[in-house]
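Summary of the model geometry
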Amino acid sequence: MRTSHLQRLLGGAVAALAALALAAPLAQGATPAEGYEDFAGCPSPSENPEVAICMHSLIKGGNFKMGSKDVPLDKPMTLTGGLNAELGGFAANSEGGLSEVKQLVPGGLIGITGLEWLVNFLTLGQLKLYAVTELVGEPEIGEGLTLPIRVHLINSALGGGCYVGSVSNPIVLNLSEAVEPEFSIDEELGIVKFLNGTYVDNTFSAPGANGCTLYLLGFVPISINGLVNSTAGLPAGSGSNETEQDIDIEIAPSELVYP
C-alpha cells in the first residue's frame, strides 16, 4: 500500500471544502461553533491567522513496543490543532496538542527495574507504573503521520523526571497506513472524516532512559537509568520497536469552526 494515501485524501478533502469555507462568514470567534467542540484545540484566527484547517485525531487503541516492553494503548488519546493551507505548520492552543494519558505498563515498577525486593517497601498501588506519551515537536502530515515524542515513566517512587526520549533527542514515529480509513463527509457541518484507519511504524529508534531516580523511603535517591535500560532493552535501534495505532481523523475549515 502506498503510504501517500492519507496525504492525497487530505489534499482532496481540503479542495472539496474550499467552497464551504468561502461561503462561511468571516471568522472572528475564539470558541468553536456548535457541533465543532472537538476542534477546541485548534487556534482561532485571532490566536493564529495562518491556520486554515482544524484537525482532531482520536487514537482509539493499539500498542506501543519499545525495546522489550510492550504497552497496550487501552485509554484513548487525542491530537488536536490546526494546519495551514498546505497541511503543514501544525499549531495548537492551550487546549490542543497531544493529550497526556496514563497507560498502564505491564509488570509495573518491578518489571521495568528488575528489583523484586521493592515489593517489601511499596504497596501494590505504589508498584504500578504508567507511561505517558508527550509531544516534543511539530507533527507532520505527509506520506503518513509523523510524531516526535518522548515517553514519561510515572511512578510515585521515581520522582517526576524519568523519560525515554527528550526534546533534543526525541522518538520520531513515522506512522503509515496498514488499514485505509473509511472516508466520509458530514455535509451539514462540512467535517471530513477518516475513520477506523490503522497506522503502524516498526522502524523507529528509542534512546536510553534519562532522569530515572528511585527514591527509597521517599527521600534516598538512587539513579536507575542503567537498570531501566538493561531491563527494558534500551537504547533500541530500528527494527526492535513497533507501534500499531487505531486512529480516527477529522478535519474542517477554520472558517466553519470559528464563525
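Treat the numbers as computed from the prediction; the structure is a model and nothing was measured. Counting of residues starts from 1 at the beginning of each chain's written sequence and follows it residue by residue. Residue-level local features of this predicted model are given only where pLDDT is at least 70; pairs of side-chain atoms are given and counted only at 80 or more, and the full residue set underlies all totals for whole chains, interfaces and linings. Side-chain metrics rest on all non-hydrogen atoms present in the structure, leaving aside hydrogens and water.

Observations concerning the packing of aromatic side chains
Keep this limit in mind: In this analysis, rings of Phe, Tyr and Trp, with Trp reduced to its six-membered ring, are considered paired at centre separations within 6.5 Å, and the interplanar angle assigns stacked below 30 degrees, edge-to-face beyond 60, and tilted for intermediate values. Secondary structure elements follow DSSP: runs of H or I no shorter than four residues count as helices, runs of E no shorter than two count as strands, and numbering proceeds from the N terminus. Only protein chains enter the accessibility calculation, which uses a 1.4 Å probe. A residue is then buried if its area is under 20% of the maximum for its type, exposed if over 50%, and partly exposed in between.
For the coordinates displayed, the defined rule picks out 4 aromatic pairs. Here F64 and F204 contribute two aromatic rings whose centre-to-centre distance is 5.5 Å and whose plane-to-plane angle is 20°, an arrangement assigned as stacked. Within this pair, whereas F64 is found in strand β1 (residues 53–66), its partner F204 is found in the loop between β12 (191–201) and β13 (209–210), the two being separated by 140 residues in sequence. For F64, a relative accessible area of 8% gives the class buried. Residue class for F204 comes out buried when judged on its relative accessible area of 3%. Here W117 and F121 contribute two aromatic rings whose centre-to-centre distance is 5.6 Å and whose plane-to-plane angle is 80°, an arrangement assigned as edge-to-face.

Details of the nonpolar core
The condition that has to hold: To define a nonpolar core, start from buried Ala, Val, Leu, Ile, Met, Phe, Trp, Tyr and Cys residues and group those joined through side-chain atoms within 4.5 Å. Any pair of residues with heavy atoms lying within 4.5 Å of one another is described as a contacting pair.
Ranked by internal contacts, the top residues of the largest apolar core, which has 53 residues, are L153 and L214. Here L214 is in contact with L109, L115, L118, A157, L158, V220, P221, I222 and I224, once residues within four sequence places are set aside.

Re a nonpolar patch on the surface
So the rule is basically this: To count toward a patch, a residue needs a relative accessible area over 30% and no salt bridge; like charges are then connected within 9 Å, while nonpolar side chains (Val, Leu, Ile, Met, Phe, Trp, Tyr) are connected within 5 Å. For the accessible areas, the method is Shrake-Rupley and the probe is 1.4 Å, while residue cover comes only from the protein chains on display. Salt bridges, as used here, are contacts in which a Lys or Arg side-chain nitrogen is within 4 Å of a carboxyl oxygen on Asp or Glu.
A contiguous nonpolar patch, built from W117, F121, L217, F219, V220 and I222 and spanning about 620 Å² of accessible area, is present on the exposed surface. If you trace the backbone, V220 turns up in strand β15 (residues 220–223). Overall, the relative accessible area of 32% leaves V220 in the partly exposed class.

Examining the pattern of salt bridges
Going through the model one piece at a time under the given rule, you end up with 2 salt bridges. With a closest N to O distance of 3.3 Å, D248 and K60 form a salt bridge. Here the residue D248 occupies a position in strand β16 (residues 242–253), and K60 occupies one in strand β1, the gap between them amounting to 188 residues. A residue is classified by how much of its surface remains accessible, and D248, at 14% relative accessible area, is buried. For K60, a relative accessible area of 32% translates into the label partly exposed. R150 serves as the salt-bridge partner of E134, at 2.8 Å between the closest nitrogen and oxygen.

Observations regarding the state of the cysteines
As used here, a disulfide is simply a covalent bond connecting the sulfur atoms of two cysteines. Inclusion rule: A pair of cysteine sulfur atoms is labelled a disulfide when the two atoms are within 2.5 Å.
Evaluated as defined, the whole model comprises 2 disulfides. In this model C162 forms its disulfide with C212; the gap between the sulfur atoms is 1.9 Å. Disulfide C162-C212: torsion about the S-S bond near 75°, hence right-handed. Taken together, the residues span a long stretch of sequence, with C162 in the loop between β8 (145–154) and β9 (163–164) and C212 in the loop between β13 and β14 (213–216) at a distance of 50 residues. Residue classification places C162 among the buried residues on the basis of a relative accessible area of 1%. Should the bonded cysteines of the protein be numbered as they appear in the sequence, the pairing reads 1-2, 3-4.

Some thoughts on unusual backbone geometry
In this structure, P235 follows L234 across a cis peptide bond, with omega equal to -5°. Inspection of the secondary structure assignment puts P235 in the loop between α3 (225–232) and β16. In this model, L87 sits at a positive phi of 65°, which is unusual for a non-glycine residue. Judged by its relative accessible area of 10%, L87 is buried.

Quick look at the pairing of β8
Condition: Strands are treated as partners if at least two bridges between them are detected by DSSP.
Across the 10 residues of β8, 8 count as buried, placing the element largely inside the fold. Both strand β6 (residues 130–135) and β8 contribute to a ladder of 6 bridges, which runs antiparallel. If you follow E134 over to β8, its bridge partner there is R150. The pairing of β8 with strand β10 (residues 171–179) spans 5 bridges and is antiparallel. The residue bridging I149 from the neighbouring strand is I171, located in β10. With 2 bridges joining them, β8 and β9 adopt antiparallel strand pairing.

Section: the pairing of β16
Each regular strand displays side chains that alternate between the two surfaces of the sheet. Counted residue by residue, β16 has 9 buried out of 12 residues, so it is predominantly covered. Relative to β16, β1 runs antiparallel, the two sharing 12 bridges. Among the inter-strand pairings, M55 is bridged to a residue of β16, identified as I251.

Considerations on the environment of L83
In this structure, L83 sits in strand β3 (residues 77–83). Relative accessible area serves as the criterion here: at 3%, L83 is assigned to the buried category. Sequence separation between L83 and I141 is 58 residues; the distance between their C-alpha atoms is 9.3 Å. Excluding residues that lie within four positions of it along the chain, L83 makes contacts with E50, V51, A52, I53, M55, G88, G89, F90 and I141.

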